[in-house]
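Single-letter residue listing:
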Amino acid sequence: MRFFFRSKQFKIILAILISLITLSVIFSVIGSSISPQSNVVGTITAPIRSAVSSISHAVSDFFTALSNGNEIMLENTELETQISELREKLVDYEKITKENEFYKNYLEIKDQNPDFKFAPATLIARDNSDPYKAFVINKGSADGIAAQDPVITEAGLVGYVSEVGLTTSKITTILSPDLTLGALDNRTNDSGIISGSLETNQKNCTKFKNLAHSCSVAVGDYVVTSGEGVFPKGLLIGTIETIANDKYNTSLYASVKPFVDLDQVRNVMVITSFKGQGDVLPSGDK
């Protein structure tokens, strides 16, 4: 709006307004100096004075509208500022709500496992060259994180820390054949080994292998960690989707759908310490 008052158009309007005011004053003086009997002059000047008055009113109305428009613009600016502030508060509220829910879920896990020590972390990059959905988090050795630390969400096991930097770490997921851990069918207590494979990964599943033919595992059963190696006992892994004969040996294997949606992972917890923490199991068949 301030640029309008500096424009050529505004200067022209102002000049016209000054001219009209001058003419209005002149005709007023002339009208007041002429006697009431001078109808001829009054008749001649009447249309001009009427036109000048009309134009003067129109210009006055224009500047009034201009002033009102400027006030409305300022009010709109103030309203937009208030709306922006409310949006920021809403975003902060939603963020705090999610964080509270995030920590509440981990507090429940902590209550069930008082020996666990956690380090919260956030995904900052995905390894697009890795078909098993590895990713990088924003915490490293400076935050107390070490290689082979388990990584979870409130839904279950994500994987483990495979590489550690000072401020970042790489996470290998449960879909990968590089991860090997002892596991149990939560219903039957039948034991086996979880390790990913290219075949099961195509279905976003991991492989629960080395199952005895006499086992009682069934589709729909939950699979949990057995507590061997770097993973504490009882962490949820996923649900059995299919069962088949392993073509590499005489055992059975099951495809397990992870409880954690790895495509949607954003925030995780690294278990930096737990009772009975040991070494990773040797890799099995891939």
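Below: a short report on this structure. (Residues numbered from 1 in each chain as written. Predicted model: local features only at pLDDT ≥ 70, side-chain atom pairs only at ≥ 80, totals over all residues. Heavy atoms only, no water.)

## Considering the pattern of salt bridges
Across all of its chains, the model carries four salt bridges by this definition. Its salt-bridge partner being D246, residue K207 comes within 3.7 Å of it at the nearest N-O pair. In this pair, K207 sits in strand β8 (residues 206–211) while D246 sits in the loop between β10 (236–245) and β11 (252–258), placing the two residues 39 residues apart along the sequence. (Salt bridge = Lys/Arg side-chain N within 4 Å of Asp/Glu carboxyl O. Helix = DSSP H or I, 4+ residues; strand = E, 2+ residues; numbered from the N terminus.)

## Some details on the side chain of D185
For D185, the location among the structural elements is in strand β6 (residues 181–185). The charged side chain of D185 is buried without a salt bridge, its nearest counter-charge being R187 at 4.6 Å. Looking at D185, its side chain comes within polar contact range of the main-chain nitrogen of T188, at 3.0 Å. Here D185 is in contact with D190, F208, V217, A218, D221, Y222 and I240, once residues within four sequence places are set aside. (Buried < 20%, exposed > 50% of the residue type's maximum accessible area, 1.4 Å probe, protein only. Lys, Arg positive; Asp, Glu negative; His and termini not counted. Polar contact = N/O pair within 3.5 Å; in protein donor to acceptor, adjacent residues only side chain to side chain. Contact = heavy atoms within 4.5 Å.)

## Observations regarding the environment of K233
Inspection of the secondary structure puts K233 in the loop between β9 (222–225) and β10. Each C-alpha atom, one on K233 and one on N113, is 9.8 Å from the other, the two residues being 120 residues apart in sequence. Excluding residues within four positions of it along the chain, K233 makes contact with T225, S226 and G227.

## Looking at the nonpolar core
With 26 residues, the main nonpolar core has L157, L181, I194, F208, V223 and I237 as its most contacted residues. Contributions of two or more residues to this core are made by β4 (156–164), β6, β8, β10, β11 and β12 (267–273). Of the residues forming this core, the biggest block, three residues, is contributed by β11. Those residues in contact with I237, other than ones at most four positions away along the chain, are L157, I174, L181, A183, I194, V223, V224, T225, V256, K257, P258 and F259. (Core = buried A, V, L, I, M, F, W, Y, C linked by side-chain atoms within 4.5 Å.)

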